[in-house]
Amino acid sequence: SLGGMVACGASGTAAVRYGTMRESILGLTVVDANGDVINMGSRARKSSAGYDLTRLFIGSEGTLGVITEVQTRLHPLPTSVTAAVCAFDTLHDAASAATLILQMGIPIARCELMDKTTIS
């Protein structure tokens, strides 16, 4: 569920393009251990001074309360999608290629590394 993903701070491989769960959440509604309903967050980048409770609850794994509502930032669907598979002789070569792709500003959504153990 989306609330479960927020509670564990799941980002997945799309974090390269869209950012982590912390950047995608605009607001939360949480029920704490006392049964109190807490509404937090807003559409504004900076909405208050003091603690950022929204970010505190993201990744708390339910220890601070149960997330009942999530307000999230939506991203448009890409106009096209392309996939590529590349083989490298060394881990260093693969890491260098990924770094170069990001430095060149190529708009990638995800980049995964699979070694022999993962494939078999």
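Residues numbered from 1 in each chain as written. Predicted model: local features only at pLDDT ≥ 70, side-chain atom pairs only at ≥ 80, totals over all residues. Heavy atoms only, no water.

Undergrad: With reference to specific residues and values, describe the overall build of the chain.
TA: Along its length, the chain carries 6 helices and 3 strands. Starting at the N terminus and walking to the C terminus, you meet the elements of the chain as α-α-α-β-β-α-β-α-α. Radius of gyration (C-alpha) of the chain: 18 Å, far over the 14 Å computed for a compact globule of 120 residues. Its C-alpha atoms give the chain principal-axis dimensions of about 55 × 30 × 25 Å. Evaluated residue by residue, the chain yields a buried proportion of 18% over its 120 residues. Looking at the chain alone, contacts between residues at least 24 apart form 65% of all its contacts between residues at least 6 apart. When the accessible surface of the chain is totalled, it reaches about 9,300 Å², and 58% of it is carbon and sulfur. Taken as two groups, the 9 positive and 10 negative side-chain charges of the chain have centres that lie 10 Å from each other. (Helix = DSSP H or I, 4+ residues; strand = E, 2+ residues; numbered from the N terminus. Rg over C-alpha atoms; globule rule 2.2 N^0.38 Å. Buried < 20%, exposed > 50% of the residue type's maximum accessible area, 1.4 Å probe, protein only. Contact = heavy atoms within 4.5 Å. Areas by Shrake-Rupley, 256 points an atom, 1.4 Å probe, with all protein chains shown as cover. Lys, Arg positive; Asp, Glu negative; His and termini not counted. Charge placed at Lys NZ, Arg CZ, Asp CG, Glu CD.)

Undergrad: Describe the sheet that holds strand 3 (residues 66-72), and please don't skip the residues or the numbers.
TA: Pairing is antiparallel across the open sheet formed by 3 strands, whose spatial order is 2-1-3. Two strands in the sheet have a free side with no partner beyond their single neighbour: strand 2 (37-41) and strand 3. Within the sheet, the average angular offset between the axes of one strand and its neighbour, ignoring direction, is 15°. Looking at chain direction, strand 1 (residues 25-31) and strand 3 are connected through 6 bridges and run antiparallel. (Pairing = 2+ DSSP bridges. Axes fitted to C-alpha atoms, helices over the stretch in contact; angles between N-to-C directions.)

Undergrad: With reference to specific residues and values, describe unusual backbone geometry.
TA: One can expect most non-glycine residues to show negative phi and most peptide bonds to be in trans. One non-glycine residue, Glu61, adopts positive backbone phi at about 55°. Along the chain, Glu61 turns up in the loop between helix 4 (53-57) and strand 3.

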